[in-house]
Amino acid sequence: VDYGATVKAASQDELAAAIADGAAIVELGEGTFTIPNEAKGKEFTIIGSKDTVIDATASYGQKIAGADITLIGVTVKGQSSGNYAGFTHINSMSLNNCDVEGKITLYAETEFNNCTLTNMKDYNVWTWGGKKVAFNDCTFVTGGKALLVYGGASADCKHTDVTVSNCEFKSDASLA
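Calculation notes
Once a new chain begins, its residue numbering starts again from 1 and follows that chain's sequence as written. pLDDT decides what is reported in this predicted model: residues at 70 or higher carry local features, side-chain atom pairs at 80 or more are listed and counted, and totals for whole chains, interfaces and linings draw on all residues regardless. Excluded from the side-chain calculation are hydrogens and water; included are all heavy atoms of the structure. Helix and strand assignments come from DSSP, with helices taken as H or I runs of at least 4 residues and strands as E runs of at least 2, each series counted from the N terminus. Here's how the labels work: a residue is buried when its accessible area is under 20% of the maximum for its type, exposed when over 50%, partly exposed in between, all with a 1.4 Å probe on protein chains only. A contact between two residues is defined here by any heavy atoms of the two lying within 4.5 Å. Put simply, a salt bridge is a Lys or Arg side-chain nitrogen that is within 4 Å of an Asp or Glu carboxyl oxygen. Put simply, a nonpolar core is a bunch of buried Ala, Val, Leu, Ile, Met, Phe, Trp, Tyr and Cys residues held in one set by side-chain atoms that sit within 4.5 Å of each other. One requirement defines pairing of two strands: DSSP has to find at least two bridges between them. Axes, fitted as lines to C-alpha atoms, cover a helix only where it is in contact. Angles between the N-to-C directions of the axes lie from 0 to 180 degrees.

Enquirer: What should I look at first to understand unusual backbone geometry in this one?
Expert: In terms of backbone geometry, most residues other than glycine have negative phi values and most peptide bonds are trans. Phi at Asn114 takes a positive value of approximately 55°, unusual for a residue other than glycine. Positionally, Asn114 belongs in the loop between β12 (109-113) and β13 (116-119). You can call Asn114 partly exposed: its relative accessible area is 45%. Positive phi, normally seen in glycine, also occurs at Asp137, with a value near 55°. For Asp137, the position within the fold is in the loop between β15 (132-136) and β16 (139-142). Of the residues examined, Asp137 reaches a relative accessible area of 38% and is grouped as partly exposed.

Enquirer: Mind showing me how you'd approach the side chain of Thr75 here?
Expert: The residue Thr75 is located in strand β7 (residues 75-77) in this model. Residue Thr75 is classed as buried on the basis of its relative accessible area, which comes to 5%. Ignoring anything within four residues of it in the chain, the contact list for Thr75 reads Ser49, Lys50, Thr52, Val53, Ile54, Asp99 and Glu101.

Enquirer: Explanation requested: the pattern of salt bridges in the structure shown.
Expert: Charged atoms that come close allow side chains of opposite charge to pair. Under the defined criterion, the tally for this structure stands at 2 salt bridges. For Lys50, the salt bridge identified is with Asp99, shortest N-O distance 3.9 Å. Of this pair, Lys50 sits in the loop between β4 (43-47) and β5 (52-55) while Asp99 sits in strand β10 (residues 99-101), placing them 49 residues apart in sequence. When its relative accessible area of 40% is taken as the criterion, Lys50 is described as partly exposed. A relative accessible area of 24% means that Asp99 is categorised as partly exposed.

Enquirer: What is the right way to read the nonpolar core from this model?
Expert: The tendency in soluble globular proteins is for nonpolar side chains to be buried as a group. Ranked by internal contacts, the top residues of the largest apolar core, which has 39 residues, are Ile35, Ile54, Leu71, Val76 and Phe112. Among the secondary structure elements, those contributing two or more residues to this core are α1 (12-20), β2 (25-28), β4, β6 (68-72), β9 (92-96), β11 (104-106) and β15. Tallying contributions element by element places α1 first for this core, with 3 residues. Excluding residues that lie within four positions of it along the chain, Phe112 makes contacts with Leu95, Val100, Ile104, Leu106, Leu117, Val125, Val133, Ala134, Phe135, Asn136 and Cys138.

Enquirer: When you look at the sheet that holds β2 in this model, what are you seeing that I'm missing?
Expert: Backbone hydrogen bonds hold the strands of a sheet together, and the pairing may be parallel or antiparallel. Reading across from one edge, β1-β2-β4-β6-β9-β12-β15-β18 is the order of the 8 strands in this open sheet, with parallel pairing throughout. Two strands lie at the open edges of the sheet, namely β1 (7-9) and β18 (161-165), each paired on one side alone. Taking each pair of neighbouring strands and ignoring which way they run, the sheet shows an average axis angle of 15°. Summarising the sheet, β4 and β6 pair through 5 bridges and their orientation is parallel. Bridge pairing in β6 places Glu43 opposite Asp68.

Now the structure itself:
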């Protein structure tokens, strides 16, 4: 698939520099990365492999507020349990052909396409303030809790629109 001109980054510093310089597409190699603070208010795509890990075990909070992020082919590492960790306070996110391990909390309009979401200890996804969330052709591997649809506490995010299309849920019922 041709995604256009890409900037290759092999380290966290190179990723931060690429996004700060306005790169629209960044290709990452093997390793663990965080979305850098330079992402605040930016729109970009990260392409990688299953050995490219995007760490979402802590809340990004306001540090990347306003970002529009697309992830392709990477592994997203969330918490095994806990609350509010993940991609909070961004505008939108699209995850395509990604593996999501652990629980992530959403805040933005988010779309999962052909992703595998695995968490045997808690929910796979907590929608929290994600007003519109779609799961298309995804597989959920869970102990019995896949999605927590929660609209958040503020008046502007009490309603959550969740669409689940052509997804498979595999549970061992260990959390039932």
